[in-house]
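# Remarks on the overall topology
The residues making up each chain are set out below.
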Amino acid sequence: MKQKQAHLSRLGTGLFSFLCIVYVLPIVVVLMNSFKKKSYISLEPFQLPNETTLTGLDNYTAAIDQYGFLDAVGWTVFITVGSVLVILICTSMCAWYITRVKTRVTKAIYILCVFSMVVPFQMVMFTLSLVTDRLGLGTPWGLIIIYLGFGAGLAVFMFCGFVKSIPIEIEEAATFFSVVLPIMKPTYISVGILETMWIWNDFLLPYLTLDLKKYKTISIVIQYMKGSYGRVDMGAIMAALIMAVIPVIVFYLSCQKYIIKGVAAGAVKG
């Protein structure tokens, strides 16, 4: 029996090691090509840079100087941080109210929040674009409000599950921010990680809502590196992809241990 378990363990280790390689390989290929000359990226995509193909940091310099990558990073950070903070504060208070004040209205709000998670974005994208234009929300500040609407469903669902596990006696003679908020720390961190990864990498919402003449996020700038008549600056694209993906990878690896705790606390209890 023990020998069989050992064989299964080795088999599982080999299988998941193979899957890890499959997932990591595209990032490695992009990293290699970010240091190659443009003409060699398509000709030799899987070969390491050598004396002939190596271009150093020229691709990174081009992405920053020619395409305004740093400005895009600034707007992306502003939108991501602002949206996540607004989502965490608003949805946690909403979830607490829904859980503690049980009426038909709060039940309807909860059902709508859960239902919003299964509605395809394509169903609302054209209406969203029209409403955004009419309300003047085509700015990073307006986009934060839009992200609040789209991110509320998952956040409210997870926060509600956690609030149900908090004894109501703890909240007596205390405020939300002094007692409830500190107790909800695992779910705050978990929701914050998930929302950050989504907003940082999102392309459609900024593309549909922002005034692209004034504001561009990282994903939009990378798209703009594909010029007219099929011209593509592959070197700058590879460099920009690496600069865009490294912060979110570091952020996820440093916080991943909180995800399981937060999901288990917010989606199982109650």
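Heads up: the structure comes first, above all this text.
Residues numbered from 1 in each chain as written. Predicted model: local features only at pLDDT ≥ 70, side-chain atom pairs only at ≥ 80, totals over all residues. Heavy atoms only, no water.

When helices and strands are tallied, the protein chain shows 13 helices and zero strands. For the protein chain, the sequential pattern of α-helices and β-strands runs α-α-α-α-α-α-α-α-α-α-α-α-α. By principal-axis analysis of the C-alpha atoms, the protein chain measures approximately 70 × 70 × 35 Å. Taken over 270 residues, the protein chain has a buried fraction of 37%. Carbon and sulfur atoms make up 69% of the accessible area of the protein chain, which totals about 16000 Å². A distance of 11 Å separates the average location of the 21 positive side-chain charges in the protein chain from that of its 13 negative side-chain charges. (Helix = DSSP H or I, 4+ residues; strand = E, 2+ residues; numbered from the N terminus. Buried < 20%, exposed > 50% of the residue type's maximum accessible area, 1.4 Å probe, protein only. Areas by Shrake-Rupley, 256 points an atom, 1.4 Å probe, with all protein chains shown as cover. Lys, Arg positive; Asp, Glu negative; His and termini not counted. Charge placed at Lys NZ, Arg CZ, Asp CG, Glu CD.)

A separate point is helix α6 (residues 125-135). Regarding α6, the residues found buried are Met125, Leu128, Ser129 and Thr132. Seen from one end, α6 has its buried residues packed into an arc of 100°, which puts them on one side. Facing away from the buried side of α6 by more than 90 degrees, the exposed set consists of Phe126 and Arg134. Those residues of α6 that are buried lie in contact with α7 (140-163) and α11 (204-209). Two residues or fewer after α6 comes Gly136, characterised by a positive phi angle close to 70°. (Arc of directions from axis to C-beta. Contact = heavy atoms within 4.5 Å.)

At their nearest, the axes of helix α4 (residues 69-100) and α7 sit 6 Å apart, and the two run at 40° to each other. Relative to α7, the element α4 lies oblique. Seen along the crossing, α4 lies across α7 with a hand that is right-handed. (Axes fitted to C-alpha atoms, helices over the stretch in contact; angles between N-to-C directions. Parallel < 35°, antiparallel > 145°, perpendicular 65-115°, else oblique. Left-handed = near helix turned anticlockwise from the far one by under 90°.)

A few words now on the environment of Leu181. Counting through the fold element by element, Leu181 comes out in helix α9 (residues 176-183). Since its relative accessible area comes to 24%, Leu181 is described here as partly exposed. When the C-alpha positions of Leu181 and Gly82 are compared, they lie 19 Å apart, and in sequence the two are 99 residues distant. The contact partners of Leu181, leaving out residues within four places of it in the chain, are Phe176 and Tyr188.

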